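Take a look at the letters that make up each chain.
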Amino acid sequence: MSLLEVEGLVKRYPVRQGFLGRAKEWFTAVDDVTFTAERGETVALVGESGAGKSTTGRLVLRLIEPDAGTVRFDGVDVTTLDRAGLRRMRLRMQMIFQDPYSSLDPHLPVGESVAEPLAVHFGMGRTDRLRRTAELLDVVGISSDVAERYPAELSGGQLQRAAIARALTMKPDLIVADEPVAALDVSVRAQVLNLMYDLQAEFGLTYLFITHDLSLVEVIADRAIVMSTGRIVEQGPVASLFAAPREAYTRALLDAIPRPVPLSLRRQPVRPDPEPDLEPALEAAKD
Ligand SMILES: Nc1ncnc2c1ncn2[C@@H]1O[C@H](COP(=O)(O)OP(=O)(O)O)[C@@H](O)[C@H]1O
Ligand SMILES: [Mg+2]
């Protein structure tokens, strides 16, 4: 059983309000999206801006309600959970955003933001909280003096590290990372990606890595799902997708990558998969 099984997800938004506010036209932001993610794997969700990547990520965590489809996490259908069940499940599924400010309280020292979930969800006392926070900050490479500073005093890279530490407090199995390095300087990007990679190895994390930037996909992901206008265009192991994209859309995305890839990561590019399994995805992508 895959850790994450997404099937037939649909999300529509009203685009024009009709007479007396009745929605007349609908725009389909996510259109019949089906994919899986295995434990410990990084699945990249790629595509141009507006493709429906972030909406898909939010649907997976049920931060928004789908119009159709299911999300099974560790065998449990997240889309039918009640509030209490969802609350418990969410501890195991965390999200990190392009803008780390969105998960850190500007009025709290960073260390306290990181520790907050420990008090809220686990009722952990102050002493234990401080100890666990120090551990987590160490894990993400933030020195303890930084813990006492406020978000406005931190660099982009430090902020994203702190946001990652906060996500880790709940010992999640899945992290949905929505453009986690897009706002960072190029020099800091590789550091944060390396951190994410190390954390994955250490904690067996599964990543749904959302990005518009295919050059990241090559170094961070095992598999990629290419989206365009709400639909999956193509999906498969990154190596085979890069070596032999089947769809013109994927080729166009690949052609847009500046060469050489301006990132040096510890991770070696994945070796070509001996049996690229693109057929089912391509079938599914057809109308
Ligand atoms: N809350 C919303 N209301 C209306 N339209 C939305 C909303 N959220 C996203 N959309 C639209 O859905 C489409 C997909 O958005 P999004 O998932 O953010 O794309 P991506 O992350 O790939 O850039 C876009 O056209 C966007 O304008
Ligand atoms: Mg987005």
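The structure this text deals with has already been given above.
Quick caveat: nothing in here was measured; it's all calculated off a predicted structure. Throughout this document, residue positions are counted from 1 along each chain, in the order its sequence is written. Throughout, the order in which chains and ligands are written sets their labels, letters from A for the former and numbers from 1 for the latter. Confidence filtering applies because this is a predicted model: local features only for residues at pLDDT of at least 70, side-chain atom pairs given and counted only at 80 or more, and all residues used for totals across whole chains, interfaces and linings. Remark: hydrogens and water are excluded; side-chain values derive from all non-hydrogen atoms of the structure.

Draft legend 1. Structural view of helix H3 (residues 110-122). Its 13 residues give H3 an end-to-end C-alpha distance of 19 Å, which sits within 8% of 18 Å, the value for a rise of 1.5 Å per residue. The angle separating two fitted axes, one through the seven residues that finish at a residue and one through the seven that start at it, defines the bend at that residue. Each helix is a run of H or I in the DSSP string that is no shorter than four residues. Each strand is a run of E no shorter than two, and both are numbered from the N terminus. Of all the bends found along H3, the most pronounced is centred on Glu116 and spans about 25 degrees, while Pro117, a proline, follows it within four residues. Classification of residues uses two cut-offs on accessible area relative to the type maximum, computed with a 1.4 Å probe and protein chains only: under 20% is buried, over 50% is exposed, and between them is partly exposed. Residues of H3 that are buried include every one of Val110, Gly111, Ser113, Val114, Ala115, Pro117 and Leu118, and no others. Contact between two residues is taken to exist if any of their heavy atoms lie within 4.5 Å; hydrogens are not considered. Buried residues belonging to H3 abut helix H4 (126-139) and helix H5 (156-168). Gly123 sits one or two residues past H3 and shows a positive phi near 60 degrees. A helix is expected to span 1.5 Å multiplied by its residue count minus one.

Draft legend 2. Focus on the environment of His107. In this fold, His107 is placed in the loop between strand S6 (93-96) and H3. By relative accessible area, which is 65% here, His107 ends up exposed.

Draft legend 3. Here's a closer look at the pairing of strand S3 (residues 42-46). Buried residues dominate S3, accounting for five of its five residues. Residues of S3 alternate between two faces, with Thr42, Ala44 and Val46 on one and Val43 and Leu45 on the opposite face, all of them buried.

Draft legend 4. Inspection of unusual backbone geometry at higher detail. Backbone geometry at Asp74 places phi at a positive 50 degrees, although glycine is not the residue there. Structurally, the position occupied by Asp74 is in the loop between strand S4 (68-73) and strand S5 (76-77). In this structure, Lys171 is a non-glycine residue whose phi angle is positive, near 50 degrees. Considering the arrangement of structural elements, one finds Lys171 in the loop between H5 and strand S7 (174-178).

Draft legend 5. Region of the structure containing the pattern of salt bridges. What makes a salt bridge here is a side-chain nitrogen of Lys or Arg within 4 Å of a carboxyl oxygen of Asp or Glu, nothing more. With the rule as written, the count across this model stands at 11 salt bridges. The salt bridge involving Arg92 is made with Asp173; its shortest N-O contact spans 2.6 Å. With Arg92 in the loop between helix H2 (83-90) and S6 and Asp173 in the loop between H5 and S7, this pair connects stretches of sequence that are 81 residues apart. Asp173 sits in the partly exposed class, given a relative accessible area of 22%. Salt bridges here are not isolated pairs; linked through shared partners, they connect Arg39, Asp74, Arg92 and Asp173.

Draft legend 6. Representation of the site of ligand 1 in the model. Near residues are defined by distance, with any heavy atom within 4 Å of the molecule or strand qualifying the residue. Looking at ligand 1, the residues that line it are Tyr13, Phe27, Ala29, Glu48, Ser49, Gly50, Ala51, Gly52, Lys53, Ser54 and Thr55. The definition of a polar contact used here is a pair of N or O atoms within 3.5 Å, where within protein one atom must be able to donate a hydrogen and the other to accept one, and adjacent residues in sequence count solely through side-chain atom pairs. Contacts to ligand 1 include Lys53, whose side-chain N or O atom sits 2.8 Å from an oxygen atom. Interatomic distance of 2.8 Å between a side-chain N/O atom of Ser54 and an oxygen atom of ligand 1. Using a 1.4 Å probe, accessible areas were evaluated by the Shrake-Rupley method; residue-level cover was limited to the displayed protein chains. Computed on the free molecule, ligand 1 has an accessible area of 560 Å², of which 61% lies beneath the protein chains in the complex. When residues of the shell around ligand 1 are traced back to their parent elements, those giving at least two are strand S2 (23-37) and helix H1 (53-60).

Draft legend 7. Examining the side chain of Ser113 more closely. For Ser113, the location among the structural elements is in helix H3. Among the polar contacts made by the side chain of Ser113, one reaches the main-chain amide nitrogen of Asp105 at a distance of 3.1 Å. Beyond its immediate sequence surroundings of up to four residues, Ser113 is in contact with Leu104, Asp105, Leu108 and Arg166.

Draft legend 8. Here's a closer look at helix H6 (residues 186-203). In this model, H6 (18 residues) spans 26 Å end to end at C-alpha, consistent with the 26 Å of a helix rising 1.5 Å per residue. Every buried residue of H6 is accounted for by Val188, Arg189, Ala190, Val192, Leu193, Asn194, Leu195, Met196, Leu199 and Gln200. Backbone geometry just after H6 places Gly204 at a positive phi near 65 degrees.

Draft legend 9. Representation of the packing of H3 against H5. Helix axes use the C-alpha atoms of the stretch in contact, all axes being lines fitted to C-alpha atoms, and the angles between their N-to-C directions lie in the range 0 to 180 degrees. Here H3 crosses H5 at 20 degrees, and the two axes come no closer than 7 Å. The orientation of H3 relative to H5 falls into the category roughly parallel. Between H3 and H5 the crossing geometry is right-handed. On H5, the residues touching Val110, Ser113, Val114, Glu116 and Pro117 of H3 are Ala162, Ala165 and Arg166. Basically, the charged four are Asp, Glu, Lys and Arg, the nonpolar ten are Ala, Val, Leu, Ile, Met, Phe, Trp, Tyr, Cys and Pro, and anything else, Gly included, counts as polar. Along the lines of polarity and charge, the residues of the contact of H3 with H5 split into five nonpolar, one polar and two charged. Comment on the angle field: the value is read as roughly parallel under 35 degrees, roughly antiparallel over 145, roughly perpendicular from 65 to 115, and oblique elsewhere. Crossing chirality is assigned from the near helix's rotation relative to the far helix, an anticlockwise turn below a right angle marking it left-handed and a clockwise turn marking it right-handed.

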